[in-house]
Amino acid sequence: MEITMENPKKKGVVLDSIVDTSLKKTPKIETKNIKVWYEEFNAIKGISMSIKPNTVTAFIGPSGCGKSTFLRLFNRMNDYVDGFSLEGKIKINGQNIYKKNVNVEELRKEVGMVFQKPNPFPKSIFDNVAYGLKIQGIKDKQLINDRVISSLKQVGLWEEVKDDLKKSGLALSGGQQQRLCIARTLAVEPSIILMDEPTSALDPISTAKIEELIFQLKQKYTIVIVTHNMQQASRISDYTAFFYLGELIEFNKTKNIFTNPEKKQTENYITGRFG
Amino acid sequence: MNNIQKNRWKDQVFKFWGIFCTVIGLVLLTIFIGDILIDGIRRIDWDFITDLPSRKAENSGIYTALMGSIWILALTTIIAFPVGVAAGIYLEEYAKNNKLAGLLEINISNLAGVPSIIYGLLGLEVFVRIMNLGASVLAGSLTLSLLILPIVIVSTREAIKAVPQSIKDASFALGASKWQTIWHQILPASGGGILTGVILALSRAVGETAPLIVVGALAYVPFVPQSPMDEFSVMPIQIFNWISRPQAGFIENAAAAIIILLGITFIMNGIAVYFRNKWQKKWK
Ligand SMILES: Nc1ncnc2c1ncn2[C@@H]1O[C@H](COP(=O)(O)OP(=O)(O)OP(=O)(O)O)[C@@H](O)[C@H]1O
Ligand SMILES: [Mg+2]
């Protein structure tokens, strides 16, 4: 099902290639010498990396090393943080997303995000998933309906909730809530999904379901996931990036990182000797 | 006595002190309401509500004052509600960290503590004289709006602050603009709190006397206002007027009017509590 999602109300310059469906299949993220400050504090100290389309990339590293900060650059969620400043270039689909005339709302439809703590809206299950479409000004009930159903099916929640779509999203279990949040993100059809420790608040069974889901989503999406769980990183990711004190220490195929790391620090971290 | 015992003892003392204070407050309130009820309840009937004021106590009614209060309440709501809520949203969501907002914040908190008669003087100068509105319902409503604006703004901000950041993050991450996030997430989630604040502020306005006297509200009006530019009286002023008469009949009238005024404030506060509970349930 291919539905074009032109927002009639969009303003400013759109990331042309992002809306362009031919390029939509090959999105990738490229950063060049990125530095981030919070006031005087240098949180990211010059990171360059490039992320391939339709892969899962895991960000690992000890607490406070800058994984979340770096991840949130890709959908510009740091923009509202007091004292935040950035140097360097980030390109998504070849377009610099921090250029002046970029429409941040359009960017975020292309780059979805799932948070650490499940955060459904205090609305019905249906309205949670439909929200992203409604704010785009989409009125077509049939389209919204279809998209809600297909999103819920993709995350494997449909069978569990199909009889009470009117129930509050907050009435679901933690694991169901997190899958609802993923469905909500899928409904706007992004091509990149950012996940910041999406399973750290969940039980093992819910975690397994979400890992399975990530594995399937890889077919259609490019996924970047922050995790503290080494097994998780090695199970689900194709590439792994190890961060330490604001620097990218090592970035390679997950297999290589976990079996044959080049740097001593990486080896110490993944074997649990520090961090 | 060891530490745990000491703490427990302190706990007990504090508990009894709390109960004592609560009881004192309740007893005084009950005595006051009981006294008023005994004095005034027999006087309340339909005639009392629909009669115009008169020189004879037994023919007097509160109709014009009641209508004046309703006019004032309605206009004050129309003015203070949108302005106060908009200002609260602006300060909380748009101007959070600029210097001007800091200055405004301090001033608004201070304004909430300014004696109401000062607002009356301001209203007299600005609305009655400079804007030439006269001692009208509109001038009175504008004055009361100024008086309750700080309360409306502060309670709007408190209600908005209670909306978790995670909800706003989720909305932004789905591509919502700031305004869409305010409209679709923040306002629905904080609506109960905002409404509660507004209603409580209005129930304060309905009892205000001093600023309206300064603005020039009349103690005796034989007619009901027909437009915002008409002169008016309000319940508290009518009560004040009756209480200062020597005849026992008027004292009885005053007690009856107090019962009705109290009834109005209780009902308004009841509505506020209702909204708060309803919203809490919905958004939990
Ligand atoms: N809003 C902020 N203001 C100031 N400093 C911040 C802010 N957010 C993060 N930092 C600092 O930037 C550094 C990186 O933080 P970040 O949240 O990116 O780490 P992280 O790797 O995601 O850690 P964790 O694994 O605990 O989530 C930390 O030292 C943190 O204290
Ligand atoms: Mg983090």
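Residues numbered from 1 in each chain as written. Chains lettered and ligands numbered in written order. Predicted model: local features only at pLDDT ≥ 70, side-chain atom pairs only at ≥ 80, totals over all residues. Heavy atoms only, no water.

Colleague: Got a minute to help me understand the overall build of chain A in this structure?
Modeller: Scanning chain A for helices and strands turns up twelve helices and ten strands. The burial tally for chain A puts 55% of its 275 residues in the buried class. For chain A, the share of sequence-separated contacts (at least 6 apart) that also reach a separation of at least 24 residues comes to 69%. Carbon together with sulfur atoms contributes 50% to the accessible area of chain A, which is approximately 12,400 Å² in total. (Helix = DSSP H or I, 4+ residues; strand = E, 2+ residues; numbered from the N terminus. Buried < 20%, exposed > 50% of the residue type's maximum accessible area, 1.4 Å probe, protein only. Contact = heavy atoms within 4.5 Å. Areas by Shrake-Rupley, 256 points an atom, 1.4 Å probe, with all protein chains shown as cover.)

Colleague: Sorry, what's going on with the pattern of salt bridges here?
Modeller: Side chains bearing opposite charge may pair, as long as their charged atoms lie close to each other. Taken as a whole, this structure holds 16 salt bridges over all chains when the rule is applied. The salt bridge partner of A:Arg76 is A:Asp79, with a shortest N-O separation of 2.9 Å. We classify A:Arg76 as buried; its relative accessible area is 12%. Between B:Glu125 and B:Arg129 there is a salt bridge, with the nearest N and O atoms lying 3.4 Å from each other. Of the two residues, B:Glu125 and B:Arg129 are both situated in helix H5 (residues 116–130); the distance of four residues between them amounts to about one turn of the helix. Look at B:Glu125 and you get partly exposed, because its relative accessible area is 39%. Classification of B:Arg129 as exposed rests on a relative accessible area of 51%. When salt bridges that share partners are traced, they join B:Glu92, B:Glu105 and B:Arg157 into one network. (Salt bridge = Lys/Arg side-chain N within 4 Å of Asp/Glu carboxyl O.)

Colleague: Looking at this structure, how should I read the side chain of B:Thr76?
Modeller: Residue and element names in this part refer to chain B. Relative to the assigned elements, Thr76 resides in helix H3 (residues 63–94). For Thr76, a relative accessible area of 0% puts it in the buried group. From its side chain, Thr76 meets the backbone oxygen of Ile72 in a polar contact 2.6 Å long. What Thr76 contacts, discounting residues up to four positions off in sequence, is Phe81, Ser141, Leu144, Ser145, Ile148 and Leu202. (Polar contact = N/O pair within 3.5 Å; in protein donor to acceptor, adjacent residues only side chain to side chain.)

Colleague: How do you make sense of the nonpolar core when you look at a structure like this?
Modeller: One broad rule of soluble globular proteins: the nonpolar side chains tend to lie buried together. Residues A:Leu152, A:Ile182, A:Ile193, A:Met195, A:Ile214, A:Leu217 and A:Ile223 are the most contacted members of the largest nonpolar core, which totals 42 residues. The contacts of A:Ile193, once residues within four sequence positions are left out, are A:Gly112, A:Val114, A:Leu186, A:Leu217, A:Tyr221, A:Thr222, A:Ile223 and A:Val224. Counting residues in hydrophobic clusters, the runner-up holds 32 residues, among them B:Leu73, B:Val198, B:Phe232 and B:Ala272. (Core = buried A, V, L, I, M, F, W, Y, C linked by side-chain atoms within 4.5 Å.)

Colleague: What exactly am I supposed to notice about the UniProt feature "domain: ABC transmembrane type-1" (unreviewed entry) in chain B here?
Modeller: Cross-referencing UniProt, the feature "domain: ABC transmembrane type-1" (unreviewed entry) maps to residues 66–272 of chain B in the present numbering. The distance separating the terminal C-alpha atoms of residues 66–272 of chain B is 21 Å; by composition the span is 77% helix and 0% strand. (UniProt positions renumbered as here; feature names shortened; annotations may be inferred.)

Colleague: Would you explain the site of ligand 1 in this entry?
Modeller: Residue and element names in this part refer to chain A. Around ligand 1, the surrounding shell holds 13 residues, and the nearest of these are Ser63, Lys67, Ser68, Thr69 and His228. One nitrogen or oxygen atom from the side chain of Ser63 is found 2.4 Å from an oxygen atom belonging to ligand 1. The separation between an oxygen atom of ligand 1 and a polar side-chain atom of Glu197 is 3.3 Å. Considering ligand 1 on its own, with 630 Å² of exposed area, one finds that the protein chains cover 63% of that surface. Elements represented by at least two residues in the shell around ligand 1 include exactly strand E2 (41–51) and helix H3 (67–71). Here the shell around ligand 1 is composed, by residue class, of five nonpolar, six polar and two charged. (Near = heavy atom within 4 Å. Nonpolar A, V, L, I, M, F, W, Y, C, P; charged D, E, K, R; others polar.)

Colleague: Can you help me understand the domain arrangement of chain B in this one?
Modeller: By a frequent convention, interface size equals the accessible area lost on bringing the separate parts together. All names here are of chain B. Assigned domains within chain B: domain 1 (2–43) and domain 2 (47–283). Each of domain 1 and domain 2 has a C-alpha centre, and these two points are 30 Å apart. Between domain 1 and domain 2, the contact holds eight residues from the first and 13 residues from the second. Around 820 Å² of area is buried between domain 1 and domain 2 when both sides are counted, 71% of it from carbon and sulfur atoms. On the domain 1 side of the interface with domain 2, the three residues burying the most area are Ile36, Asp39 and Arg43, jointly 67% of the side's total. Linking domain 1 with domain 2 are zero salt bridges, by the criterion used here. Along the contact surface separating domain 1 from domain 2 lie four residue pairs in polar contact (both at pLDDT 80 or more). (Domains from an automatic or database assignment. Buried area = accessible area lost by both parts, 1.4 Å probe.)

Colleague: What exactly am I supposed to notice about the packing of aromatic side chains here?
Modeller: Given two aromatic rings, one states the distance between the centres and the angle between the planes to describe the pair. Residues and elements named next belong to chain A. Considering all chains together, one arrives at 13 aromatic pairs over all chains under this definition. Pairing Phe59 with Phe70 gives two aromatic rings, centres 5.8 Å apart and planes at 40 degrees, and the pair type is tilted. Of the two residues, Phe59 is situated in strand E3 (residues 56–60) and Phe70 in helix H3; the sequence distance between them amounts to eleven residues. With respect to burial, Phe59 and Phe70 carry one shared label: buried. These aromatic residues form a ring-pair network of at least three members: Phe59, Phe70, Phe74 and Phe243. In this structure, Arg184 is placed above the aromatic ring of Phe121, and the distance from its NZ or CZ to the ring centre is 4.5 Å. (Phe/Tyr/Trp six-rings, centres within 6.5 Å; stacked < 30°, edge-to-face > 60°. Lys NZ or Arg CZ within 6 Å of the ring centre and 35° of its normal.)

Colleague: Help me out: how do you make sense of a nonpolar patch on the surface in this one?
Modeller: On the surface, a cluster of nonpolar side chains totalling about 1,100 Å² of accessible area is made up of B:Phe14, B:Phe16, B:Trp17, B:Ile19, B:Phe20, B:Val23, B:Ile24, B:Val27, B:Leu28 and B:Ile31. Within the secondary structure layout, B:Phe14 lies in helix H1 (residues 3–40). (Patch = residues over 30% accessible without salt bridge, like charges linked within 9 Å, V, L, I, M, F, W, Y side chains within 5 Å.)

Colleague: Would you mind going over the environment of A:Phe243 with me for this structure?
Modeller: Checked against the element boundaries, A:Phe243 lands in strand E9 (residues 239–244). Dropping the residues within four chain positions of it, A:Phe243 is found in contact with A:Ile47, A:Phe59, A:Ile60, A:Gly61, A:Pro62, A:Cys65, A:Lys67, A:Phe70, A:Leu248 and A:Ile249.

Colleague: In this structure, what is going on with the interface of chain A and chain B? I would like to understand it.
Modeller: On the chain B side, the residues contacting the 21 residues of chain A number 18 residues. The junction of chain A with chain B conceals about 1,800 Å² of combined surface from both sides, 61% of it contributed by carbon and sulfur atoms. Contact with chain B buries area across many residues of chain A, yet A:Pro122, A:Tyr131 and A:Ile135 alone supply 30% of it, more than any other trio. Applying the counting rule to chain A against chain B returns zero salt bridges. Along the contact surface separating chain A from chain B lie four residue pairs in polar contact (both at pLDDT 80 or more). When contributions to the side of chain A that touches chain B are tallied by element, the ones reaching two or more residues are helix H4 (104–110), strand E6 (111–114) and helix H8 (174–187) of chain A. Among the elements that line the side of chain A that touches chain B, the one with the most residues is H4(A), at three residues. For the side of chain A that touches chain B, a count of residues per class yields twelve nonpolar, three polar and six charged.

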